[in-house]
Amino acid sequence: MEIAMLGPVEVRGKDGSLLPVAGERLRTLVVLLALEAGRNVSADRLIDGVWGAEPPAGAGNALQALVSRLRRAAPGLVVEATPNGYRLVIEPDRVDAHRFTRLAVADPAKALELWRGELDFPDVARPEAAHLESLHLAARRARLAGEMAHRDVVPELEALVAAHPLDEPLAVLLIRALRRAGNRGRALAVFEDTRRRLADGLGVDPSAELAALHRDLLREQHGPGNLPAEVSSFVGREADVRAVSALLGAHRLVTLTGPGGSGKTRLSVEVGARLAGSSWLVELAPVRDPAELPQAVLTALDLRVQVVISRPGQGPAAETLPPLARLREAVAGREMLLILDNCEHLVEAAAEVADVLLRAAPGLRVLVTSREPLGLPGEWLFPVEPLGLPPADADPVTAAEAPAVRLLLDRASGLTLTRDNTPAVVRICRALDGIPLAIELAAARLRTLPVSVLADRLADRFRLLTGGSRAALPRHRTLRAVVDWSWDLLSEAERRRWRRLALLPGGADVTAVERVCGPDLDPLGSLVDKSLLVLGADGRYRMLETIREYGLERLAEAGEAEDGRRAIAAHLLAVAREAGPHLRGPDQLIWLRRLSEEHDNMHASIRAAIGAGDRATAVALGAALGWYWWLRGHRAEGTALYREMLAMPGEAERSDLALAFAYTALNGFEGLMSAADIRESLRRAEELAAGDRSAHPVLRLLPTLVTLASGDRGTDGFGGAEELLRDPDPWLRALARMFIEHIRLNFGEQTDEVEAGLLAALAGFRATGERWGTGFTLTALADLAAAHGDFARAVGWQREALALAEEVGTREEVPQLTVKLAHQLWLAGDADGARRLLGRAEEHAAGPETLAAVRHGQATLALAEGRPVEARELAVEALRLTADVPVAPQFRALACSTAALAEGATGDLARAAELHREALLVASGTRDSPVIATVLAAGADLAVRRGDPVRAAFLLGAADSVRGTRDRSDPEADRLEREARAVLGATGFESAYRRAAGITMDTALPAGVEFGPA
């Protein structure tokens, strides 16, 4: 729930919908409770706020009735009674006023986005309203101060000053904005108006800040500076210019850090050009001797003639000062910005000069560009990040908005985005990490190479990107020279860290660094300071891809590649094996996150092992990661890697091989492998695991999986799963119970035992704290409840199942559960909720399989609501999206069946017949009775439309026979039964219906072909 009170009072539900909070008294109650979110509000204050000076008789009862009315209007809003009042149970951040208060100082621009209009607070809350309005004004001031560097804020400030004539900070901002715009006369007039208003209205003089600004205006003399006139446009850094300008407004020493080629120099020049006063650029790259640095600054300031100072008491003789002293004397009385550019090779000398000058010259500000900080007190760092990148699958419109793409298009004359070349342009910008220099070098190469060819060859980026400007510094003419410059400045210990960490594309935490590189962490900190590593908020150290590729080259040169590969594989294998048991217990989410952080590293390590012919390491990692791949939805990736590693020659641990074959089959169940290949993988796993099942529960599950995959139910009827009910592992016992009940459902055994068994499995999974099994069991219970017609119960269980799947991150299951929940919401009478849920699912759909699931759900809903043309379009798209990607056969069968219903509803019975036939063929191979039954029941629609109610009744009977009962969650079946009965009468219908009583999964296909859509 959300409460918005910075404007018209609104209460928003969990799905974002507005809840009806009508009437002044109800809105006042919401405001007073929300202002004290999570805290007690006395009844007296509430009564005073709602009724003012004329409370009703029995005010306490009236207040209680008003609270009850609020609870009915907003059911999700929890209002608790306290001994002397009421308390709104809600996190303060769910109330926009509290979020605004927190953000007003930390992020004024974001805070202002929450403000929607005039406050509608009762008189009793006027102090709170005044406080919020004061914060609102302060946030507007802060935002305008930050935006002053890049846009004209004078009109907005003039309006604010007129509205708040005694607000000195606003007057100061307006004067500064006018000064920046070159309107010094108007700035002086604003000062005079403000001085007069303060004297007349408050009887006070201007503040010291306002008076100092007035003096600056009177004596201000702008020096010429020496900033170069740029010949190319400035792209993608406007926000950085504003941020750095704001920093320089508050601090006297600001250092721009970042890797070579990130655009530090250009940013510093743009900032200097937009600041008032003189700005001087000192290029330090050519300076090699630290002792020459002061003279270089003197030269840049055009002070090459020695300054001769006559000291009192020394007579006519003069003392010639050393360069640093002369420099200090020269800047002591000046107001200016000094830009010390490219300091990384002279850090200590640059720090000394900056320190001396800042202490000597109060009017001096220093902007430094360096690959590492100066390390001075009062230094503010601004990391110059790479340019923003487009999403990997961006279309031309989205790609064109990304700063990295804008720079490439600006520098590559004649290149325009099209649907055909956008993927290649996006690949170039992403491969080059958004580093401006690298992108400019790529743009130069596009004069001689097609964009698709360049994108394909960026693995050899250091050889390709060599066409820099001849006017640039030598180290900026090629991509290799840029990185060489950083490499040359490092110690051997720092270089070794760089080489080793380049093997980790997903970055590393401190533990990984210590295991792979050794316990000394000083070189690690140095690499961060020198912008070669980035320490993220998650505590992981990462490299830009260009930096990493360079490190890999140096690793190979040093002959350390194999040693590094083995060290990293050993570390990752230890992490994966430690995680294994936790993935089946209460700490599942913690360890899923841990493995997700290492996902790219794990993938790269397996690939490296395969490339090195190290089957033992590849298989060991695959065996340790199988359940993680399953839970997180990396099933296609896992299946492909298993096939490669298992096809390799060489030895591997027998238990690792058994697990790898078992997980190959499990991950392949999603339509990634044929039934024959799955059976063969399970057979190999069973063969390898014989006599050694104690180590892992999946190995103890193998006999059941092998038996069921063969089509045999085993001696206990459940593939041997009953024996697992006595296993010492509680997770495996719960899994076995769930297996047994799913087998019953799959074979059409709809008995009372099924629900009891599923509830027992649910209790077992809840006891272990494992979320995937809990959610999987909940969705089975939800489907069962819906099939029995208990839709409210189904919705409750399905909601929890979906929430758990989202927590776990099972990508393949979330869209399916979302569609199921939407369907069950619709059955429960909440059509709007169903549509909203499908709409949200569409917004977050990732990949064709996910979007296909959403389209299938939307098509089903459209059919049920009598929109056949829309249903047909959606169903056709669902089939198109999955035409070339592997999906579970169950989904394919149901998608074909829904498409057949839509074709029939729009009149194309021939196409409907084709789709019904395909649906039945696919469904028959799934050994899944609910799916087969759904397809058979759908075939009755075609029979009705062809005027054959006898066939329709038979197919409805066949569906119920295969499933074991009527599915009350299938509204189409109910409709078809009504239509067939209307023609046949009760006796005729029952006769045709009962003829199908003996049909099973094994006989469904011939029965469906004979009597169904064919």
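Preceding this paragraph is the structure being described.
Residues numbered from 1 in each chain as written. Predicted model: local features only at pLDDT ≥ 70, side-chain atom pairs only at ≥ 80, totals over all residues. Heavy atoms only, no water.

1. Re the overall build of the chain
Stated precisely, the cut-off is as follows: Counting from the N terminus, the helices are the DSSP runs of H or I reaching at least four residues and the strands are the DSSP runs of E reaching at least two. We call two residues in contact whenever any of their non-hydrogen atoms come within 4.5 Å of each other. Each accessible area is a Shrake-Rupley estimate made with a 1.4 Å probe; only the visible protein chains count as cover when residues are assessed. Only four residue types enter the charge count: Lys and Arg as positive, Asp and Glu as negative, with His and the chain ends excluded. For charged residues, the charge sits on one atom: NZ in Lys, CZ in Arg, CG in Asp, CD in Glu.
Helix and strand content of the chain: 49 helices and 15 strands. Overall size of the chain, expressed as C-alpha extent along the three principal axes, is 130 × 90 × 55 Å. Contacts in the chain between residues far apart in sequence, at least 24 positions, make up 66% of those at least 6 positions apart. Carbon and sulfur atoms make up 52% of the accessible area of the chain, which totals about 43700 Å². Looking at charge distribution, the chain has the averaged site of its 120 positive side-chain charges lying 2 Å from that of its 140 negative ones.

2. Observations regarding the pattern of salt bridges
Selection rule: By convention in these notes, a salt bridge is any Lys or Arg side-chain nitrogen within 4 Å of a carboxyl oxygen on Asp or Glu. The rule is simple: take the accessible area with a 1.4 Å probe, protein chains only, and divide by the maximum for that residue type; under 20% is buried, over 50% is exposed, in between is partly exposed.
Counted according to the given criterion, the structure contains 77 salt bridges. Between R237 and D240 there is a salt bridge whose closest N-O contact spans 3.0 Å. Across the pair, D240 and R237 agree in class, each one buried. Salt bridges linked by common partners bring D960, R963, R966, D967, R968, D974, E977, R981, E990 and R994 together as one network.

3. Brief notes about the sheet that holds strand β7 (residues 253-257)
Formally: In this scheme, strands are said to pair when DSSP sees at least two bridges between them. To obtain each axis, a line is fitted to C-alpha atoms, and for helices this fit is confined to the stretch in contact; angles are then taken between N-to-C directions over 0 to 180 degrees.
Pairing within the open sheet is parallel, and its 5 strands lie in the order β8-β11-β12-β7-β13. A strand with exactly one partner marks an edge of an open sheet, and here the two such strands are β8 (278-283) and β13 (379-383). Taken pair by pair, the neighbouring strands of this sheet meet at an average axis angle of 20 degrees, ignoring direction. Pairing analysis gives 4 bridges linking β7 to strand β12 (residues 364-369), with the strands arranged parallel. Each residue of the ladder has a partner; that of L256, found in β12, is T369.

4. Points about the sheet that holds strand β4 (residues 40-42)
On the basis of which strands lie adjacent, the open sheet formed by 3 strands has the order β4-β6-β5 and antiparallel pairing. In this open sheet, the two edge strands, each paired with only one partner strand, are β4 and β5 (78-82). In this sheet, neighbouring strand axes are inclined to one another by 30 degrees on average, regardless of whether the strands run parallel or antiparallel. In terms of strand pairing, β5 meets strand β6 (residues 85-89) through 5 bridges, oriented antiparallel. Paired with A81 across the bridge in β6 is Y86.

5. Notes on the side chain of H136
Tracing the backbone through its elements, the reader meets H136 in helix α6 (residues 126-147). Residue H136 is classed as buried on the basis of its relative accessible area of 17%. The contacts of H136, once residues within four sequence positions are left out, are F100, L112 and W115.

6. A word on the nonpolar core
Rules: Note on terminology: a nonpolar core comprises buried Ala, Val, Leu, Ile, Met, Phe, Trp, Tyr and Cys residues joined through side-chain atoms within 4.5 Å.
Ranked by size, the top nonpolar core spans 121 residues in total, and within it L408 and M645 carry the most contacts. With 12 residues, helix α30 (residues 615-632) is the largest single contributor of residues to this core. For L408, the residues in contact, after removing those within four places along its chain, are L415, V425, I428, C429, I439, A442, A443 and L446. In terms of nonpolar packing, the next biggest core, distinct from the first, is built from 81 residues, A780, L802, A895 and L920 among them.

7. A short note on the packing of helix α46 (residues 929-945) against helix α47 (residues 949-963)
The relative placement of two packed helices is expressed as an angle between their axes plus a distance between the axes. Here is the rule: Convention used here: angles under 35 degrees read as roughly parallel, angles over 145 as roughly antiparallel, angles from 65 to 115 as roughly perpendicular, and any remaining angle as oblique. Any residue that is not Ala, Val, Leu, Ile, Met, Phe, Trp, Tyr, Cys, Pro, Asp, Glu, Lys or Arg is counted as polar, Gly included; the first ten are nonpolar and the last four charged.
Remark: α46 packs on α47, axes separated minimally by 8 Å, with the N-to-C direction vectors making an angle of 175 degrees. What the angle tells us is that α46 and α47 run roughly antiparallel. On α47, the residues that touch S929, P930, I932, A933, T934, L936, A937, G939, A940, A943 and V944 of α46 are R951, A952, L955, L956, A958, A959, V962 and R963. A breakdown of the residues in the contact of α46 with α47 according to their chemical character gives 14 nonpolar, 3 polar and 2 charged.

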